[in-house]
Amino acid sequence: MRFQSRPDHGKVEAMVARLGMLGQEHPVTGVTIWRGCAVVHLHGELDLHNAPLLHRTLIDLIDGGCRRVVVDATALTFCDSVGLGVLIDAFKAMHACGGGLRLAAPDRHVRATLRMTGLIDILGVRDTLQEVLDEFAV
């Protein structure tokens, strides 16, 4: 698999258009590109039922050439072990291609889960989306 230094905006835009056609159960509300980072905005619960939808979105971004992904968890209210697994898999895939994944602004419940699992430091969790973007963007 070959990765580009910049995302293929055509592929990313097509993926974002597909997101708009999906139902309310999709945990991704949108994807934006900011200073070379793909920002994936989540909402609601990330669990066994819908974590594969986030997984597909993240894989599409990686396949589209994104090397830096920020997961905006501002509106995420719950994340189970399957959701954590998706984040870990995406983190590993990004790291393997020389990129990275960071998590921004999880609520206190999601943050507690991340802290208990030791993922809070691995995923570079910050209190706000802006903090992550300032540290992570080009």
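Our subject in this report is the structure included herewith. (Residues numbered from 1 in each chain as written. Predicted model: local features only at pLDDT ≥ 70, side-chain atom pairs only at ≥ 80, totals over all residues. Heavy atoms only, no water.)

## Remarks on the nonpolar core
Note the following rule: Note on terminology: a nonpolar core comprises buried Ala, Val, Leu, Ile, Met, Phe, Trp, Tyr and Cys residues joined through side-chain atoms within 4.5 Å. When a residue's accessible area, from a 1.4 Å probe over protein chains only, is under 20% of the maximum for its type it is buried; when over 50% it is exposed; and in between it is partly exposed. Secondary structure counts use DSSP, requiring at least four H or I residues in a row for a helix and at least two E residues in a row for a strand, with both numbered from the N terminus. Note on contacts: a residue pair is in contact if any heavy atoms of the two residues lie within 4.5 Å.
One finds Val40, Leu54, Val69, Leu114 and Leu123 to be the most contacted residues of the largest nonpolar core, which totals 31 residues. Among the secondary structure elements, those contributing two or more residues to this core are β1 (28–34), β2 (37–46), α2 (51–63), β3 (68–79), α3 (81–96), β4 (100–104), α4 (108–117) and α5 (119–122). Examining the composition of this core, we find that 6 residues originate from one element, α3, more than from any other. Not counting residues up to four positions away in its chain, the partners in contact with Leu54 are Pro27, Val28, Val40, Leu42, Leu46, Val86 and Leu87. In terms of nonpolar packing, the next biggest core, distinct from the first, is built from 8 residues, Ala104, Val132, Leu133 and Ala137 among them.

## Points about the pairing of β4
The line we're drawing: We treat two strands as partners when DSSP finds at least two bridges between them.
Taking burial as the measure, the 5 residues of β4 include 4 buried ones, the bulk of the element. Bridge analysis of β3 against β4 gives 5 bridges, and the strand direction is parallel. Bridge pairing links Val71 to Leu103 in β4.

These figures come from the coordinates and say nothing about function on their own.
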